[in-house]
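Per-entry structural report
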Amino acid sequence: MSLRSLVFLWILIFAFSACQDKANKIVSTSTSSFTSNTLASDTKSKNQRSYNIPFLEKDDSRVLAIIQQMSLKEKLSHLLIWKINELQECKEDKLYDLAHEGLFGGMILKNQSLDDYIRISQNCQQLASTPLLFGTEEKVSLCNQFADAVPFPNPASIASIANDSIQNDLSQLYIQQCQTLGIHFSLAANHLSQSNSKKNYNNQFEQNYKVRYLRNARLLNNLHQNNILSIGDEFAQFVSPSSETTAAKNEYQSALGLNMYGIAGWKLGDAIYQNDKVQTKGFAQTHLSEVLGFQGLIIDEVNSEKSIERLLNAGVDIFVIKEDIESAFQQLENLYQSGQLSAIDLDAKVKKILKAKTWAFEKSPVHLQIDEAKAQDIILNEHYPFYVQQLYQQSVILANNYQALPFNYTYNRDFQVFHTASTDLKTFEHYMKKYGLTTLYKIDWSKEKAPQNQTVAARLFSKKAEANQGMQKLRAQDNGTKIVVLNEDLDAQKDKALYYTINELANESKIILVNFGNPHNLTLFSDKVSSVQVFEKNKPTEQYVAELLFGGRTAIGKLPLALASYLPFQQSFKTPVTRLNYAQPKELGIDPVKMVGIDAYVNSAIRKKAIPGAQVLVVKDGSIVYNKSFGYHTYNKLEEVKNHHLYDLASLTKITGTTLAAMKLYEQNNFNLEDQLSQYFDLSRNYRMARVTLQKLFTHYSRIQANMPVYPFIKRKSLDKYEICNENFCSQPRLNYSKQIADNLYLRDGIKQEMNEKVLKLKPYKSRRYRYSDVNFNILQQVIEEKTVQGLDKYLYANFYRSLNLSRLMYNPIQRYSKKEIVPTAYDSYWRKQIMHGYVHDESAALLGGVAGNAGLFSNAEDLAVLYQMLLNGGQYGNRSYLDKETIDLFTSRQKGSRRGLGFDKPRSTTQASYSKKVSKNTYGHTGFTGTAVWVDPDSELIYIFLSNRIHPSTKNTKLFSYQTRRYIHDVIYRSFDSYQMELPL
């Protein structure tokens, strides 16, 4: 019978039940009772200790019987683990030849596709002369081992997540991945070496020995229950109960605790070879045995600094080889022939390895066929991309907040981001600019002369140092809000120029530090510097940090290490969520596939020429989950619609402007809804108009005619071909013709007053029925401007738009933006004889100078979303109060005897509605003649915005109504609710 057959037979015959019961009894001890005293009190000699490494309980006699039949080659092969990082390192046929030849006893396969891994591992196991151990070095997820899998965050990021449920899920997932792929040993147990923690921070979990110990204890328990060998990574320095420093004592207690839990092996770290004891043969083995009572496997990786001979001298049992396995085997054989590896030592090592293999193969037998479907699910799961993004978001830490975050005021605030030239911040910049004016500056402090005394730093920098433009801007005493982004390790000596500058600035003004990477950078900065710590820089974390700075998100992570007195272990600052954020639909339980219908309906409307293009935006629970632009400005397809482009809102102005201003004045007791117009204007000769109340104007029950009296002013239709001016308009700006209302068309200054006078002379009808009227809101505009003694546009800007940072919500946008950023509306064939582009389409609003109560506002969907989220928040946004919730509730509620709210429209039964039948009764909003709509459903915390120029080029185009595009899109949105639930393969 061959040796391979003997080993297999031995595995099948002798179960490990008794030993397993004993091991389980040990590892099931409650980890919650762990204290430093528990371990510190264990000062027994090694003969008094009894640490149960499960595999060592195997019967020695049977192992020795097998060893006696083994050739030297077979023995030596057990000592070698081949780590292949990429398949290209070794051709597959050659790999199989070496496995069949029996030159190694185990494998770590990395950076292969999952399919390649399954094929290679199973082929090698079948061809190998002795059973192979397959292992993993991954600490968080085996997904990181595969080239085609979504990588999970590193240990430091995971340790930052303060969510026990997530930690438990990750632990279970890790074990299931090991089971599915037939993993026999894991180097996931993390034993931090204080000597290398600053360099190896990414590969470390909590740098608090008690918390780290508890994590490792739970891991060992799970590994042991599934017969997976647990290897501690890494044991890097000598420890003892008599250690003088606190760090060394903690190292000792943590290592001792893992031994008590029966850790199967230790992987030696590089630092241990720097000790004076390295000259003693078997020094690591001796130390682990005598000081810690450890009798398990000792593993290390061969590299240019650590030869097989050097590792052998330390007492290593298993050598991890990532280069030429044939050469490594030959070196090991030479060491045996020269006597440096004695026959006794070799047999002792092989005995431990055989015991370990036998124990590991009990639940993952050699002949195990990997279930490919299960492997696909556990490694390439469709939910992982979203899940990993959530992990990254929860790892972001607000480590120190010196009363700086979140930013409250953003309008016209200069946000200055300073970063090194090597740092790509495209995602960070993109989301910063969604909230405020942001400029990026590259800095290079390498040429700076570092100050020796911090108190003179500012003087040295301003007068003596040769700084580049970025550093000069960083030091500038301006009104800019300075945000420094780091993505490199800082040196306390070489980088003084940078951190002295920042610390000096922090004494005078608030400064933000975003530190991607090494957390020890934070120790160089004063406690007056607000700092955000992120261990990994990628698109999810860049976006999350940008949103965090402005109050779109709150920091969830906690520091996984202690850095300074003001940066203690597990510190985190929580900030309120005060603004919208940009979320994946899945975060709100929406399957993105369910929202594809929005694209279909909009694109269909464009194909059928109901609209040339559109913007559609959806806000759910305070998050923008859909924001997309479609089509072109016009049917000639010359200019694509972008998210920042502006549309003529038409009658959305009634609630986005006029009603908003009225709500503010109402709660300030500037008017009552029952006030009659006679209280504001001299209407002694117009009895019916005098008795109209403000409430009747808001609800369109004023009995006033629908349209403004514009005919007397536009009856000439247009200027003659050679005419420069007439009684109302000029083709060029002239004295008393200063307001431009179209290309080559200027309005006579007195027309607004004349229009308002004509309005107040109108006689309301006797009929009391509902009649939708633009006149109502232009009268309300007069009331507002009478009360505020300023134009409606200026009042809105001062009280809402400015502090909400609504830079793209305005009247007369052509004064600020180019036509490329403004979508053209309709062709005015009656009066202006041109396409209205950047100028309000509504004739009455044009005659009022572009600022009217019924129309005139332009905006993009994103700015509207901010405004209506403020209303949905009960008047709060960006940590500022704009309106009282009671006021909002009053104006958005259906009024007695009316189908409308105060200014706001309400849902009703209609055949061509612009909203879904699924809306709640509390929904409010409005539509606009140009093809716009906004609907807010407080019950679902939903905002739906649709902007288009459906009247381009002709106002006769009513296809948007007949196709009911806006309604069907709204239906799609409601149907998408609760369509996604993340399911991990647990």
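Each remark here, short or long, concerns the structure printed above.
Residues numbered from 1 in each chain as written. Predicted model: local features only at pLDDT ≥ 70, side-chain atom pairs only at ≥ 80, totals over all residues. Heavy atoms only, no water.

**Remarks on a negative patch on the surface**
Side chains of Asp115, Asp148, Asp371 and Glu372 sit close together on the surface and give a patch of like negative charge. Position of Asp115 among the secondary structure elements: in helix H7 (residues 114-127). (Patch = residues over 30% accessible without salt bridge, like charges linked within 9 Å, V, L, I, M, F, W, Y side chains within 5 Å. Areas by Shrake-Rupley, 256 points an atom, 1.4 Å probe, with all protein chains shown as cover. Salt bridge = Lys/Arg side-chain N within 4 Å of Asp/Glu carboxyl O. Lys, Arg positive; Asp, Glu negative; His and termini not counted. Charge placed at Lys NZ, Arg CZ, Asp CG, Glu CD. Helix = DSSP H or I, 4+ residues; strand = E, 2+ residues; numbered from the N terminus.)

**Some details on the packing of aromatic side chains**
Each aromatic ring pair is summarised here by two numbers: the centre-to-centre distance and the angle between the ring planes. A full pass over the atoms with the stated rule returns 30 aromatic pairs. Aromatic side chains Tyr499 and Phe525 sit 6.4 Å apart centroid to centroid with 75° between the ring planes, which places their arrangement in the edge-to-face category. You can see Tyr499 sitting in helix H21 (residues 496-508) and its partner Phe525 sitting in the loop between strand S13 (511-516) and strand S14 (530-534), a full 26 residues away along the chain. Look at Tyr499 and you get buried, because its relative accessible area is 10%. Residue classification places Phe525 among the buried positions, given a relative accessible area of 4%. (Phe/Tyr/Trp six-rings, centres within 6.5 Å; stacked < 30°, edge-to-face > 60°. Buried < 20%, exposed > 50% of the residue type's maximum accessible area, 1.4 Å probe, protein only.)

**Re the pairing of S14**
The buried fraction of S14 amounts to five of the five residues, a majority that puts the element mostly inside the structure. Bridging between strand S9 (residues 397-400) and S14 involves three bridges; their strand directions are antiparallel. The partner of Ile397 across the bridge, within S14, is Gln533. (Pairing = 2+ DSSP bridges.)

**Some thoughts on the sheet that holds strand S20 (residues 739-742)**
The strand order across the open sheet formed by three strands is S19-S21-S20, and the pairing between neighbours is antiparallel. Taken across any chain shown, the strands that pair with only one partner, and hence form the sheet edges, are strand S19 (729-730) and S20. Relative to strand S21 (residues 745-747), S19 runs antiparallel, the two being bridged by two bridges. Directly across from Cys730, in S21, lies its bridge partner Tyr746.

**A look at the sheet that holds strand S15 (residues 581-582)**
The strand order S15-S17-S16-S30-S29-S28 describes an open sheet built from six strands, whose pairing is mixed. Each edge of the open sheet carries a strand with a single partner, namely S15 and strand S28 (924-928). Direction of pairing for S15 relative to strand S17 (residues 623-631): parallel, over a ladder of two bridges. Within S17, the residue paired with Asn581 across the bridge is Ser623. This element, helix H35 (residues 965-975), spans strand S16 (613-620), S28, strand S29 (932-937) and strand S30 (942-948) of the sheet and lies at about 150° to S30. (Contact = heavy atoms within 4.5 Å. Axes fitted to C-alpha atoms, helices over the stretch in contact; angles between N-to-C directions.)

**Let's talk about the nonpolar core**
The nonpolar side chains of soluble globular proteins are, as a tendency, buried together. Ile483, Val532, Leu549, Leu677, Leu847, Tyr868 and Leu871 are the most contacted members of the largest nonpolar core, which totals 123 residues. By residue number, the principal contributor to this core is helix H32 (residues 861-872), which donates nine residues. Excluding anything up to four places from it in sequence, Ile483 contacts Phe407, Phe415, Gln416, Val417, Phe418, Met432, Ile512, Val514 and Leu549. (Core = buried A, V, L, I, M, F, W, Y, C linked by side-chain atoms within 4.5 Å.)

**So, the packing of helix H6 (residues 92-101) against H7**
At a minimum axis distance of 8 Å, the contact between H6 and H7 shows a crossing angle of 30°. Classified by the interaxial angle, the pair formed by H6 and H7 is roughly parallel. For the crossing formed where H6 meets H7, the hand is right-handed. Between H6 and H7, the residues in contact are Glu92, Leu95, Tyr96, Ala99 and His100 and Arg119, Ile120, Asn123, Cys124 and Leu127, respectively. (Parallel < 35°, antiparallel > 145°, perpendicular 65-115°, else oblique. Left-handed = near helix turned anticlockwise from the far one by under 90°.)

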